[in-house]
Amino acid sequence: LYHRLRFPTIFLPVFNGSVVLGSAALSGAEWAMAVQPWIALLVYAATASAATLFLTLLHRAFAPSQVGESLWATMVRLSSEPRAQWPHFQDKNTMPEDSDLWAPSSLDFGRVFSDGFFIACILHYLSFNFIDSGLASLYSDCFTTVC
């Protein structure tokens, strides 16, 4: 809806990959006990951290808006405030109030779960599936044969 960086979402595969690899290792899968998948997870975490830092530094250099703001505060602001990322590219119209913007969920489960909860579940589900399909294609017979 509005340009906004979501730094935490790029770290979902690190959490989900750790769960998948850990559970596979606990169940005795040889490939999960090898060092390569764990190194790949660490390399991904390092590149995601570097990309987050690079985008934050780039934003601080070319679109500073808070004087004396720490690097961590800039990352939090870019990740949580609407229209904080690259303000000169943002729409200049007045933003609607939260109550107008976020209508009640179209998925009504007694209003117990929010849309944010459903989105988090979908992101985790997709991340788990991508990790699982990648690992299955590398370490199982399904890559070369029909299962």
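Scroll up to find the structure this text is about.
Residues numbered from 1 in each chain as written. Predicted model: local features only at pLDDT ≥ 70, side-chain atom pairs only at ≥ 80, totals over all residues. Heavy atoms only, no water.

## Quick look at the nonpolar core
Move 1: In this structure, Val20, Leu21, Leu41, Ile131 and Leu135 together form the largest nonpolar core, which totals 5 residues.
Move 2: Every element with two or more residues in this core is listed here: helix 1 (12-26) and helix 6 (115-139).
Move 3: Beyond its immediate chain neighbours, meaning those up to four positions away, Leu21 contacts Trp31, Ala32, Pro37, Trp38, Leu41 and Leu135. (Core = buried A, V, L, I, M, F, W, Y, C linked by side-chain atoms within 4.5 Å. Buried < 20%, exposed > 50% of the residue type's maximum accessible area, 1.4 Å probe, protein only. Helix = DSSP H or I, 4+ residues; strand = E, 2+ residues; numbered from the N terminus. Contact = heavy atoms within 4.5 Å.)

## Some remarks on the environment of Leu57
Move 1: With respect to the secondary-structure elements, Leu57 resides in helix 3 (residues 35-62).
Move 2: Since its relative accessible area comes to 43%, Leu57 is described here as partly exposed.
Move 3: C-alpha of Leu57 to C-alpha of Thr74: the two residues are 17 residues apart in sequence and 9.0 Å apart in space.

## Points about the packing of helix 3 against helix 4 (residues 71-80)
Move 1: Where helix 3 meets helix 4, the closest approach of the two axes is 10 Å, and the angle between their N-to-C directions is 95 degrees. Relative to helix 4, the element helix 3 is oriented roughly perpendicular. Contact residues: helix 3 offers Thr52, Leu53, Thr56, Leu57, His59 and Arg60, while helix 4 offers Leu71, Thr74, Met75, Arg77 and Leu78.
Move 2: In terms of residue class, the contact of helix 3 with helix 4 is built from 5 nonpolar, 4 polar and 2 charged. (Axes fitted to C-alpha atoms, helices over the stretch in contact; angles between N-to-C directions. Parallel < 35°, antiparallel > 145°, perpendicular 65-115°, else oblique. Nonpolar A, V, L, I, M, F, W, Y, C, P; charged D, E, K, R; others polar.)

## Notes on the side chain of Asn16
Move 1: Summarising the element assignment, Asn16 is placed in helix 1.
Move 2: By relative accessible area, Asn16 is classed as buried at 0%.
Move 3: In this structure the side chain of Asn16 is engaged in a polar contact, spanning 3.1 Å, whose partner is the side chain of Ser127. (Polar contact = N/O pair within 3.5 Å; in protein donor to acceptor, adjacent residues only side chain to side chain.)

## Structural notes on a nonpolar patch on the surface
Move 1: On the surface, a nonpolar cluster with roughly 460 Å² of combined accessible area is contributed by Ile122, Tyr125, Leu126 and Phe130.
Move 2: By secondary structure assignment, the location of Ile122 is in helix 6. (Patch = residues over 30% accessible without salt bridge, like charges linked within 9 Å, V, L, I, M, F, W, Y side chains within 5 Å. Areas by Shrake-Rupley, 256 points an atom, 1.4 Å probe, with all protein chains shown as cover. Salt bridge = Lys/Arg side-chain N within 4 Å of Asp/Glu carboxyl O.)

## Here we look at the environment of Arg60
Move 1: Here Arg60 is to be found in helix 3.
Move 2: Distance from Arg60 to Trp86, taken between C-alpha atoms, is 9.8 Å for residues 26 residues apart in sequence.
Move 3: Not counting chain neighbours up to four residues away, the residues in contact with Arg60 comprise Glu69, Ser70, Leu71 and Thr74.
Move 4: A distance of 2.9 Å separates the side chain of Arg60 from the backbone oxygen of Glu69, its partner in a polar contact.

## A few points about helix 1
Move 1: Helix length check: helix 1 (15 residues) gives 21 Å between terminal C-alpha atoms against 21 Å at 1.5 Å per residue, within 8%.
Move 2: Looking at helix 1, one finds that the buried residues are Leu12, Asn16, Gly17, Val20, Leu21, Gly22 and Ala24. (Expected span 1.5 Å × (residues − 1).)

## As for the pattern of salt bridges
Move 1: Scanning the entire structure with this criterion turns up 1 salt bridge.
Move 2: Note that Arg77 is salt-bridged to Glu69, the shortest N-O span being 2.9 Å.
Move 3: For Arg77, a relative accessible area of 7% gives the class buried.

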